[in-house]
Amino acid sequence: MIVILNYLVILSFILCYAITALYDYHMFQLNSYSLWTQLKWLKANFSRGYIVRHILALPIIGIAFFDFYTAAILSSLLFLIQCFFNRPRKAKKPLVYTSRVKRMLVTNILILAIPVLLSFSLQAPYQIIILALGVLCTPLIVLLSNIINMPIEKGINRWYINDAKKILKSMDKLVVIGITGSYGKTSTKYFLNKILSSKYNVLMTPESYNTPMGVVKTIRTSLKSFHEIFICEMGAKYTGEIKEICDIVNPKYGIITSIGPQHLETFKSIENIIKTKFELADALPDDGVIFLNHESDYIRNAATNKKRVSYAISPRGCNYEAKNIHVSNNGSAFDVILSGGRECHFETKLIGVHNVENILGSIAAADYLGVDADTVAMSVRRLESVPHRLQLLNRGGMAIIDDAFNSNINGAKMAIDVLNTFEGFKILVTPGMVELGNLQDSCNREFGAKAAESCDYVILVGAKQTGSILEGLKSGNYPEEKVFIAGTIEEAFRKIESINSKGFQKVVLLENDLPDNY
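Summarised in this report is the structure supplied together with it. (Residues numbered from 1 in each chain as written. Predicted model: local features only at pLDDT ≥ 70, side-chain atom pairs only at ≥ 80, totals over all residues. Heavy atoms only, no water.)

1. Focus: helix H9 (residues 185-196)
- The first and last C-alpha atoms of H9 sit 16 Å apart over 12 residues, in line with the 16 Å expected at 1.5 Å per residue.
- Buried residues dominate H9, accounting for 10 of its 12 residues. (Helix = DSSP H or I, 4+ residues; strand = E, 2+ residues; numbered from the N terminus. Expected span 1.5 Å × (residues − 1). Buried < 20%, exposed > 50% of the residue type's maximum accessible area, 1.4 Å probe, protein only.)

2. So, the layout of surface pockets
- When its volume is computed, the second largest pocket comes out at roughly 270 Å³.
- In terms of lining residues, the second largest pocket is bounded by Ile14, Tyr17, Ala18, Ala21, Leu22, Tyr25, Leu105, Asn108, Ile109, Leu112, Ala113 and Val116.
- Contributions of two or more residues to the lining of the second largest pocket are made by helix H1 (2-30) and helix H6 (99-119). (1 Å grid on protein atoms, 1.4 Å probe; cavity = no way out; pocket = protein on both sides within 12 Å on 5 of 7 lines; lining within 4 Å. Points joined across faces, edges and corners; volume = space filled by probe spheres on them.)

3. Focus on the nonpolar core
- In terms of nonpolar packing, the biggest core is built from 41 residues, with Leu192, Leu196, Phe291, Phe346 and Ile363 touching the most fellow members.
- When residues of this core are assigned to their parent elements, the largest contribution, 7 residues, is made by helix H16 (residues 353-368).
- Ignoring sequence-local partners within four residues, the contact set of phenylalanine 346 consists of Ser332, Ala333, Phe334, Asp335, Val336, Leu338, Ile363, Val376, Ala377 and Val380.
- Listed in part, the 37 residues of the second largest apolar core include Phe28, Ala57, Ala64 and Leu112. (Core = buried A, V, L, I, M, F, W, Y, C linked by side-chain atoms within 4.5 Å. Contact = heavy atoms within 4.5 Å.)

4. A few points about the pattern of salt bridges
- Under the defined criterion, the tally for this structure stands at 13 salt bridges.
- Where lysine 252 meets aspartate 287, a salt bridge forms, and the shortest distance between an N and an O atom there is 3.6 Å. Here aspartate 287 lies in the loop between helix H14 (279-283) and strand S5 (289-293) and lysine 252 lies in the loop between helix H11 (241-249) and strand S4 (253-256), a separation of 35 residues in the sequence.
- We classify lysine 252 as partly exposed; its relative accessible area is 28%.
- Where lysine 323 meets glutamate 343, a salt bridge forms, and the shortest distance between an N and an O atom there is 3.4 Å. Pair noted here: lysine 323 is in strand S7 (residues 320-328) and glutamate 343 is in strand S9 (residues 343-348), with a separation of 20 residues, a long-range link. (Salt bridge = Lys/Arg side-chain N within 4 Å of Asp/Glu carboxyl O.)

5. A few points about the packing of aromatic side chains
- This structure, assessed with the given rule, holds 12 aromatic pairs.
- With a centroid separation of 6.0 Å and an interplanar angle of 70°, the aromatic rings of phenylalanine 68 and tyrosine 69 are classed as edge-to-face.
- Assessed through its relative accessible area of 40%, tyrosine 69 is described here as partly exposed.
- Aromatic pair tryptophan 159 and tyrosine 160: ring centres 5.6 Å apart, planes at 70°, arrangement edge-to-face.
- In textbook terms, an aromatic cluster arises when at least three aromatic residues are bridged by ring pairs, as seen for Phe13, Tyr17 and Phe79. (Phe/Tyr/Trp six-rings, centres within 6.5 Å; stacked < 30°, edge-to-face > 60°.)

6. Describing the pairing of S7
- Both strand S6 (residues 307-312) and S7 contribute to a ladder of 2 bridges, which runs parallel. When the sheet's bridge partners are listed, alanine 312 is paired in S7 with glutamate 321.
- Strand direction decides the pairing type here: S7 and strand S8 (residues 331-337), joined by 5 bridges, are antiparallel. Each bridged residue has a counterpart across the sheet, and for serine 328 the counterpart in S8 is glycine 331.
- Connecting S7 to the antiparallel partner S8 that follows it, the hairpin turn spans 2 residues. (Pairing = 2+ DSSP bridges.)

7. Description of the state of the cysteines
- According to the stated counting rule, one finds 0 disulfides in the structure shown.
- Looking at the unpaired cysteine 137, the closest cysteine sulfur is the one in cysteine 16, lying at 13 Å.
- Here cysteine 137 falls in the partly exposed class, since its relative accessible area comes to 29%.
- Note on cysteine 232: no disulfide assigned, nearest cysteine sulfur contributed by cysteine 246 at a separation of 7.8 Å.
- With relative accessibility at 0%, the residue cysteine 232 sits in the buried group. (Disulfide = S-S within 2.5 Å.)

8. Quick notes on empty space enclosed by the protein
- With the rule as written, the count across this model stands at 1 cavity of 30 Å³ or more.
- Estimates place the volume of the largest cavity at around 40 Å³.
- Lining the largest cavity, in full, are Gly181, Ser182, Lys185, Gly235, Ala236, Gln262, His263, Phe267, Ile273 and Lys277.
- In the lining of the largest cavity, the residues fall into 3 nonpolar, 5 polar and 2 charged. (Nonpolar A, V, L, I, M, F, W, Y, C, P; charged D, E, K, R; others polar.)

9. Re a nonpolar patch on the surface
- Nonpolar side chains collect at one region of the surface, where Phe66, Leu74, Leu77, Ile81, Phe84 and Phe85 lie side by side and expose about 560 Å² of accessible area between them.
- Examined against the element boundaries, leucine 77 turns out to sit in helix H5 (residues 68-85). (Patch = residues over 30% accessible without salt bridge, like charges linked within 9 Å, V, L, I, M, F, W, Y side chains within 5 Å. Areas by Shrake-Rupley, 256 points an atom, 1.4 Å probe, with all protein chains shown as cover.)

10. Things to note about the packing of helix H8 (residues 138-169) against helix H10 (residues 212-222)
- Orientation of H8 relative to H10, taken along the N-to-C sense of each, is 50°, at an axis distance of 9 Å. Taken as axis vectors, H8 and H10 run oblique relative to one another. The interaxial crossing formed by H8 with H10 has left-handed handedness. Taken together, the residues of H10 that come into contact with H8 (itself represented by Asn157, Trp159, Tyr160, Ile161, Asp163, Ala164, Ile167 and Leu168) are Met213, Val216, Ile219 and Arg220.
- Along the lines of polarity and charge, the residues of the contact of H8 with H10 split into 9 nonpolar, 1 polar and 2 charged. (Axes fitted to C-alpha atoms, helices over the stretch in contact; angles between N-to-C directions. Parallel < 35°, antiparallel > 145°, perpendicular 65-115°, else oblique. Left-handed = near helix turned anticlockwise from the far one by under 90°.)

Structure representation (structure tokens):
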């Protein structure tokens, strides 16, 4: 009987630990495997991220001193109850079992095996206490498994990077275009890829692959000898990260789409963001060209010793300027004078001035690279919405403007302007903007005040980070009865269904969608 109870305790512990650790690995992956980001996340989410997920392991330490039969049964029961509460829930972006995660899991098992095996040589109370401490220390063991694996991970990454460099070096005629910016870089990448593909064999980094290892993976798995142009999106949260990608791909051309207060938590200052984005310009060769969006004061005023080609949607004396801009809920139209002096008219079904800005940057680069005007115009007409970036969808009679991947104040305010071009009952659904450092509250208040001017109803997702938006709404004298705070996006959509729009079509703006670690 004692042996059976011993096994019961061990098995219930293993189950509880495994389920708890998988959650911590999921959050660690969403926090980009960054030790400090994960620790900051744990501190900020101590209640739901730690207390709720470990609390039942604490009384087990006291229960361990009961008689063995009672201690074994109660501790097993508490391990299993904690396991039930920690069971995996539906995630927006589930844990991906990458090779790195699998290696950390193996290391974790080895770390855990030592105290578990040692516990067999101890008396019952101390064995149970060690197992309870194992569950209580789950987040730290997860981080420890990463620290132990770091030399291996660095070696593997170095091998992949060198392999990608060899591939690029073997393609001496390949032209690499880097695209970076606080926002707009993914849309610009999609648009430029579409336009350039009318003349060249083009490969772009897919989706939001914009980290060094994401770029390396694209090169190693998708770049072929027939490709003539490689469009590489470059993202960063820390100074030096754009240079790191440039050192791998060696771009000849670069586009900086925007600079604004994004990821200020990690960049610390707007000056660091400017410096990081211009690492792309610094990395270009002497005959390289940097395309700069002069709508941004930060970009316009920044110095570079590389040849610059400027573009803007307002008169700023740029090389490329969009004129006669007309934006409606049916699409956008504008005129641009191209390099040969020919004024060309462009039409697209994409909505929003923000999209015109990104298309203009793509037109400038394509024109410079020799795509003729008629082909560019035809490609622009055929542009499709980029998923989750002002993407217009029709769901059961509702018009949905999906701007879920936007998390900056300029883009958010432009999205409200787009919503305002629609006829109907206008509903904003948003969890607010994050990672804006000291500016986060003021940006969200500003966003709330802007929403108060146009929206018929506002649904805030999550009470914790939307308080500032609520303050902004109140500053605009927005009626409290037209605001609903939902716990989840699913609850938000249930609320939308129940709203009486008095016969008008519901037009829903989904502005930003936070990942599971928020």
